[in-house]
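# Descriptive structure summary
Residues per chain, in single letters:
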Amino acid sequence: MARQKEDFYDKLKRYAEKTENLMDGQVEKLKKSLVIDDIDGYINKAGDFEEDKIDKFKKSDVPDKVDDFVEKTEKKAGEVIKNSQETVYKISEKVDGSMDDILKRSSKKSEKPSDCKTD
C-alpha cells in the first residue's frame, strides 16, 4: 500500500513538473509574439482617447450648464420649502383655532344647568 502511495505522489509530481514546463513554454511564446506589447499599446491609446474626451468635456459649456441647473434647482427647492413651511404654519393656526372653538363649545355645554333633576 505504501508503494502505491509513493507511486501516486511520484506521478503527481511528474505531472506538476510537466504542467509547469508547458506553462513556461507558453509564456515564452507569448512574450516572443509581441502580443503583450500590442496590448500595452492599445491600453495607452485608450488612455489618450479618454484624456482627450475629458479635456473636450471640460472645455465645452456642459459643466457650466450643469452648474446653472444646480443653482436653479437649489433656488426652486428653497422656494418650495419656504412655501411648505408657510402652509404648515397656516394649517396649524387653523387647527389651533378649531380646537379653541371646540373647547369653548364643550365648556359652554358643561356650564348649562342640567334639565334632569334627581332626588
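Sequence order as written defines the numbering, with residues in each chain counted from 1. Totals for whole chains, interfaces and linings use every residue, but because this is a predicted model, local features are given only for residues with pLDDT of at least 70 and side-chain atom pairs only at 80 or more, for both listing and counting. Calculation of side-chain values draws on the structure's entire complement of heavy atoms; hydrogens and water are dropped beforehand.

## Considerations on the overall build of the protein chain
The helix and strand inventory of the protein chain stands at three helices and zero strands. Working definition: helices are DSSP H or I runs of at least four residues, strands are E runs of at least two. Numbering for both runs from the N terminus. Order of helices (α) and strands (β) in the protein chain, N terminus to C terminus: α-α-α. Classification of the 119 residues of the protein chain by burial places 0% in the buried group. In this description, accessible areas are obtained by the Shrake-Rupley approach with a 1.4 Å probe, and a residue is regarded as covered only by the protein chains that are shown. Element-wise, carbon and sulfur atoms account for 57% of the exposed surface of the protein chain, whose accessible area totals about 11900 Å². Type-normalised accessible area, obtained with a 1.4 Å probe on protein chains alone, sets the label of each residue: buried when under 20%, exposed when over 50%, and partly exposed for intermediate values.

## Concerning the pattern of salt bridges
Salt bridges are counted wherever a side-chain nitrogen of Lys or Arg sits within 4 Å of a carboxyl oxygen of Asp or Glu. Applying the stated rule across the entire model yields three salt bridges. Between Lys65 and Asp61 there is a salt bridge; the shortest N-O distance is 3.4 Å. One salt bridge connects Glu79 with Lys76, and the closest N-O pair in it is separated by 3.9 Å. Residue Glu79 and its partner Lys76 are located together in helix α3 (residues 62-111), separated by three residues, close to a single helical turn. Under the relative-accessibility criterion, Glu79 is labelled partly exposed at 36%. Look at Lys76 and you get exposed, because its relative accessible area is 51%.

## Points about the environment of Ser60
One can find Ser60 in the loop between α2 (35-59) and α3. Here a polar contact means two N or O atoms within 3.5 Å. Within protein one must be a hydrogen donor candidate and the other an acceptor candidate, and residues neighboring in sequence count only if both atoms are side-chain atoms. A polar contact of 2.6 Å, which involves the side chain of Ser60, links it to the backbone oxygen of Phe57. One polar contact links the side chain of Ser60 to the main-chain amide nitrogen of Val62, over a distance of 3.4 Å.

## Let's talk about a nonpolar patch on the surface
A patch consists of residues whose relative accessible area exceeds 30% and which take part in no salt bridge; residues with like charges are grouped when within 9 Å of each other, and nonpolar side chains (Val, Leu, Ile, Met, Phe, Trp, Tyr) when within 5 Å. On the surface, Leu30, Val35, Ile36, Ile39 and Ile43 cluster together into a nonpolar patch covering about 420 Å² of accessible area. Here the nonpolar patch gets four residues from one element, more than from any other, and that element is α2. Summarising the element assignment, Ile36 is placed in helix α2. Overall, Ile36 belongs to the partly exposed group, its relative accessible area being 45%.

## A word on the confidence of the model for the protein chain
One confidence number per residue, pLDDT, is output by the predictor and ranges from 0 to 100. For the protein chain, mean pLDDT is 86; residues scoring 70 or higher make up 90% of the total. Averaged pLDDT values for the elements of the protein chain fall to 87 in helix α1 (residues 2-32) and rise to 90 in α2.

## Considering a negative patch on the surface
A surface patch of negative charge is lined by Asp64, Asp67, Asp68, Glu71 and Glu74. For Asp64, the position within the fold is in helix α3. When charges are counted, neither His nor the chain ends are considered; positive counts come from Lys and Arg and negative counts from Asp and Glu. The location of each charge is read from NZ of Lys, CZ of Arg, CG of Asp or CD of Glu.

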